[in-house]
Each structure stands twice: as structure tokens, then as C-alpha cells.
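# Reading the structure
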Amino acid sequence: DAGVTQSPTHLIKTRGQHVTLRCSPISGHKSVSWYQQVLGQGPQFIFQYYEKEERGRGNFPDRFSARQFPNYSSELNVNALLLGDSALYLCASSPGQQNTEAFFGQGTRLTVV
Amino acid sequence: EDQVTQSPEALRLQEGESSSLNCSYTVSGLRGLFWYRQDPGKGPEFLFTLYSAGEEKEKERLKATLTKKESFLHITAPKPEDSATYLCAVQAPGGSYIPTFGRGTSLIVHP
């Protein structure tokens, strides 16, 4: 059974551009969460979507947005990229809203130049 | 204010040398505490969820325990393949289920 898949695996963008990251959860999982991880730190929560509705939002600017589709896959969008947005972006899926057992994808490494 | 503090930041062990990693937290009314393992350049791998003080869970050479203020991840007779960063996260009570992660402990086990 496939795990959480994210695309692309690596991405280089220029300041001011827009980026879309994609995530496919484990089959049967209805919750998808997004995290940002900078080097040397733990993942920082960005969004949670459950049953296609936003259920949690972390302390990130409005340049960050996300959505979940009817098949439970998800997109994370970041507008007006800044150098500080360079990080590993992680997607995690879990069966329910409680996030008690979350399974992470391999991440998308975003570099903003 | 940090809700989750992990120590030590880095730990080097010889193969077979048992030790413990610490995760202290300041949230009251803990909803859940999670341990993950993360290899370089990869996403975290779920290990354990603990809910209440006194609870213990084991998986191979790892054992996680929970008190009202901290959790320990005990590693018994570690092997080089146990080398990784170990992350702790907590869920505070409230309407959402947002986990707060610590910075992790980087473990290196030498053969």
C-alpha cells in the first residue's frame, strides 16, 4: 500500500514567485496536515484539512494557503516567495481529525533564490 | 514560550550503550505526546503516542514513558541503524489538534 506521496521532491524558485506543492494521503485517510521544517528545527504546523474543510491554521502569513480535494489529496500554495520560505515542506495524513497517528511524506525541498 | 524542550540536542553512543532522550513540556491538560524518528532528508516516521502519565510503549529497542511533565525515550543496546533525529511533539487541549514539535535530539550510534 502506498504511503504519503508528495510532489515535486525538489524545487527552486525566485523571490516573488508563486509555488504549489502537492500531497496524496494514504488511502482511507481523510486528514491532511502541512508543516514547514527549517534546518535544525522541528516541523512547524501550517494547516490541517479534514473532510475538505480547514480545521487548524498555524502562525503563518496569508501568503500561505491550502485546499483539500474530494479525493482527499491536498495542495499548499505560497505566494510572493521570500528567501525565508526556503525549507522542507512536509505533508502528513491521518485517519481522523485527531492526528493521533500521523504518517509523513518524504517532503518537498523548496529553495528560494 | 516553548512548550516542548528536548535534551540533549545531540548524543553520541557506542553500539550497545543504552541511554535515554528527554522531552519536557509545559502544556497543561496534555491531549497527547508523540515520538517520531527522522532520517536526514526524509519525513518523520511515527513511533509512539502516549496519552496519560504512567503510560509506557515499546517497539524493538525503544521504550517511551510519560510523566506529568516529561517523556523519556529509552534506547536499549542501540545499533548504528538507530542513528537518526528523534522528535517529540505535544497536543494541547482545545478545538484544534495542532501538534507542537521540539527541535529534536540527533543520535549517532558508533559501531
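In this section: the interface of chain B and chain A. Across the boundary between the two partners, chain B contributes 20 residues, which contact 22 residues of chain A. Summed over both partners, the interface of chain B with chain A buries about 1600 Å², with 58% contributed by carbon and sulfur atoms. Connecting chain B to chain A are 0 salt bridges. Seen at the junction of chain B and chain A, the total is 2 residue pairs in polar contact (both at pLDDT 80 or more).

Let's shift gears to the packing of aromatic side chains. Throughout the structure, instances matching the rule amount to 10 aromatic pairs over all chains. Taking 6.2 Å as the distance between ring centres and 55° as the angle between the ring planes, the aromatic pair formed by Phe 47 of chain A and Tyr 49 of chain A counts as tilted. Taking the relative accessible area as the measure of exposure, Phe 47 of chain A reaches 1% and is therefore buried. Seen in terms of ring centroids, Phe 104 of chain A and Phe 101 of chain B are 6.4 Å apart; in terms of plane orientation they differ by 75°. Their pairing is edge-to-face. A residue pair is termed interchain when its members come from two chains, as with Phe 104 of chain A in strand 10 (residues 103–104) and Phe 101 of chain B in strand 10 (residues 99–101). For the residue pair Phe 104 of chain A and Phe 101 of chain B, the accessibility class agrees, reading buried in each case. Clustering of aromatic rings is evident, with ring pairs tying together Tyr 35, Phe 45, Phe 103 and Phe 104 of chain A together with Tyr 36, Phe 46 and Phe 101 of chain B.

A few words on the pairing of strand 11 (residues 105–110) of chain B. Residue and element names in this part refer to chain B. Where burial is concerned, the two faces of strand 11 differ: the one with Thr 105, Leu 107 and Val 109 is buried and the one with Ser 106, Ile 108 and His 110 is not. Two elements, strand 2 (residues 10–14) and strand 11, share 5 bridges in a ladder whose sense is parallel. Bridge assignment links Arg 12 to a residue of strand 11, and that residue is Ile 108. Note: strand 9 (residues 84–91) against strand 11, 3 bridges, orientation antiparallel. Bridging from a neighbouring strand, Tyr 86 pairs with Thr 105 of strand 11.

Note: most peptide bonds trans; most residues except glycine with negative phi. Omega for the bond connecting Ser 7 of chain A with Pro 8 of chain A falls within 30 degrees of zero, at -10°, which places this linkage in the cis form. If you trace the backbone, Pro 8 of chain A turns up in the loop between strand 1 (5–7) and strand 2 (10–13). Of note, the amide linkage connecting Ser 7 of chain B to Pro 8 of chain B takes the cis form, showing an omega dihedral of -10°. Within the secondary structure, Pro 8 of chain B is located in the loop between strand 1 (4–7) and strand 2. The backbone of Ala 80 of chain A shows a phi angle near 45°, a positive value even though the residue is not glycine. Assignment of secondary structure puts Ala 80 of chain A in the loop between strand 8 (74–78) and strand 9 (87–94).

Here is what the cut-offs are and how they apply
- The numbering scheme is per chain: residues are counted from 1 as the chain's sequence reads.
- Chains and ligands are labelled sequentially in the order written, the chains with letters from A and the ligands with numbers from 1.
- For this predicted model, a pLDDT threshold of at least 70 governs which residues receive local features, and a threshold of 80 or more governs which side-chain atom pairs are given and counted, while totals over whole chains, interfaces and linings are taken from all residues.
- Excluded from the side-chain calculation are hydrogens and water; included are all heavy atoms of the structure.
- In this analysis, two residues are considered to be in contact whenever any of their non-hydrogen atoms come within 4.5 Å of each other.
- By definition, the buried area sums, over both parts, the 1.4 Å-probe accessible area that each loses when the two are put together.
- Basic side-chain nitrogens of Lys or Arg form a salt bridge, by our definition, when they fall within 4 Å of a carboxyl oxygen of Asp or Glu.
- Two N or O atoms form a polar contact when they lie within 3.5 Å of each other; inside protein one atom must be a possible hydrogen donor and the other a possible acceptor, and for residues adjacent in sequence the pair counts only when both atoms belong to side chains.
- In this analysis, rings of Phe, Tyr and Trp, with Trp reduced to its six-membered ring, are considered paired at centre separations within 6.5 Å, and the interplanar angle assigns stacked below 30 degrees, edge-to-face beyond 60, and tilted for intermediate values.
- Exposure classes here rest on a 1.4 Å probe applied to the protein chains alone. A residue is buried below 20% of its type maximum, exposed above 50%, and partly exposed in between.
- Every helix listed is a DSSP run of H or I at least four residues long, and every strand listed is a run of E at least two residues long, numbered separately from the N terminus.
- A pair of strands is labelled paired if DSSP reports no fewer than 2 bridges between them.

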